[in-house]
Amino acid sequence: MNKPIHNIFYIKNNSEWQRSDKKNDMEQKFCQSCGMPLTDNNNGTNADGSRNEDYCIYCYKDGKFTQDMTMEQMIEHCAQFTDEINRQSGRDLTREQAMEMMHQFFPHLKRWKNKRL
């Protein structure tokens, strides 16, 4: 596994992966479908229009998933954003390295847990 950048690493906490920065003891929630970091501005919406705390706006809208896909298809889809992931994380991952990390991370996400590829 790649070394952490700037003392940032991912921890599993209550069946949810979170970003932790030892220096600031920060925690970060991730979309439980695509793994994107969740912020106050990118949460998906429930059927009643309320904010969904588990999924991002790109994966979940109006109480349902925006795309019907397998975990493998989601990994392929997310891999196209490797350059953006590198810019935000300070890493220099290849597409293949990013996909390998997703293959390890995604099975722990709520949408893919206990599901086959």
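Above this note sits the structure.
The rules behind the values
All residue numbers refer to position in the chain's written sequence, counted from 1. Whole-chain, interface and lining totals are the exception, using all residues; otherwise, since this is a predicted model, local features are given only for residues with pLDDT of at least 70 and side-chain atom pairs are given and counted only at 80 or more. With hydrogens and water set aside, each side-chain value is computed from the structure's full complement of heavy atoms. In DSSP terms, a helix is any run of H or I states spanning at least four residues, a strand is any run of E spanning at least two, and both are numbered starting from the N terminus. For every residue, the accessible area (1.4 Å probe, protein chains only) is compared with the maximum for its type, and the residue is labelled buried under 20%, exposed over 50%, or partly exposed between those bounds. Whether two residues are in contact is decided by their heavy atoms: any pair within 4.5 Å suffices. Per-residue and other accessible areas were derived by the Shrake-Rupley procedure at a 1.4 Å probe size, with only the shown protein chains allowed to occlude residues. The directions from the helix axis to the C-beta atoms are what the arc is built from. For this document, the term salt bridge refers to a Lys or Arg side-chain nitrogen within 4 Å of an Asp or Glu carboxyl oxygen. Pairing of aromatic rings covers Phe, Tyr and Trp, the last counted by its six-membered ring, and requires centre-to-centre distances within 6.5 Å; plane angles under 30 degrees mean stacked, over 60 mean edge-to-face, and any other angle means tilted. We count a charge as sitting over a ring when the NZ of a lysine or the CZ of an arginine lies within 6 Å of the ring centre and within 35 degrees of the ring normal. Pairs of strands are assigned from DSSP output, requiring at least two bridges between the strands. Nonpolar cores are built from buried Ala, Val, Leu, Ile, Met, Phe, Trp, Tyr and Cys residues. Side-chain atoms within 4.5 Å join them into one set. Counted as a polar contact is a pair of N or O atoms within 3.5 Å, where, for protein atoms, one must be capable of donating a hydrogen and the other of accepting one, and residues adjacent in sequence contribute only when both atoms are in side chains.

Draft legend 1. Local environment of the overall build of the protein. Check the secondary structure of the protein and you find three helices and seven strands. Traced from its N-terminal end to its C-terminal end, the protein shows the element sequence β-β-β-β-β-β-β-α-α-α. For the protein, buried positions account for 35% of its 117 residues. Sequence-distant contacts, at least 24 apart, represent 38% of the contacts inside the protein between residues at least 6 apart. As displayed, the protein offers around 7900 Å² of accessible surface, 47% of which is attributable to carbon and sulfur atoms.

Draft legend 2. Just helix α3 (residues 95-105), in detail. Every buried residue of α3 is listed here: A98, M99, M102 and F105. In an axial view of α3, the angular spread of the buried residues amounts to 125°, which keeps them on one side of the axis.

Draft legend 3. Just the pattern of salt bridges, in detail. Overall, the coordinates contain five salt bridges when judged by the stated rule. Taking the shortest distance from any N to any O, the salt bridge between E84 and R87 comes out at 2.8 Å. Of this pair, E84 and R87 both sit in helix α2 (residues 82-89), three residues apart, roughly one helical turn. Residue E84 is classed as partly exposed on the basis of its relative accessible area, which comes to 33%. The structure contains a network of salt bridges with shared partners spanning D40, R51 and E53.

Draft legend 4. Layout of the packing of aromatic side chains. All chains considered together, the criterion is met by five aromatic pairs. Over the face of the ring belonging to F65 we find R111, whose NZ or CZ atom lies 3.8 Å from the ring centre.

Draft legend 5. A look at the pairing of strand β5 (residues 51-56). Sheet topology places strand β4 (residues 43-45) next to β5; two bridges connect them, and they run antiparallel. In the sheet register, T45 faces β5, and the bridge partner there is R51. Turn length for the β4-β5 hairpin, with the two strands adjacent in sequence and antiparallel, is five residues, and the turn residue G49 shows positive phi of about 90°.

Draft legend 6. Fine view of the nonpolar core. If you look at the biggest cluster of nonpolar residues, it comprises 22 residues, and the most contacted ones within it are C31, C34, M74, F106 and W112. Contributions of two or more residues to this core are made by β5, α1 (71-79) and α3. A per-element tally of this core places α1 first, with five residues. With near-sequence residues (within four places) excluded, M74 lies in contact with S33, C34, C59, M69, F106, R111 and W112.

Draft legend 7. A look at the environment of S50. Here S50 shows up in the loop between β4 and β5. Ignoring any residue separated from it by four or fewer positions in sequence, one finds S50 in contact with G44 and T45. Only 2.6 Å separates the side chain of S50 from the side chain of D48, close enough to count as a polar contact.

Draft legend 8. Structural context of unusual backbone geometry. Backbone geometry places D62, a non-glycine residue, at a positive phi of 55°. By the secondary structure assignment, D62 is in the loop between β6 (60-61) and β7 (64-65). In this structure D62 comes out as partly exposed when scored by relative accessible area, which is 44%.

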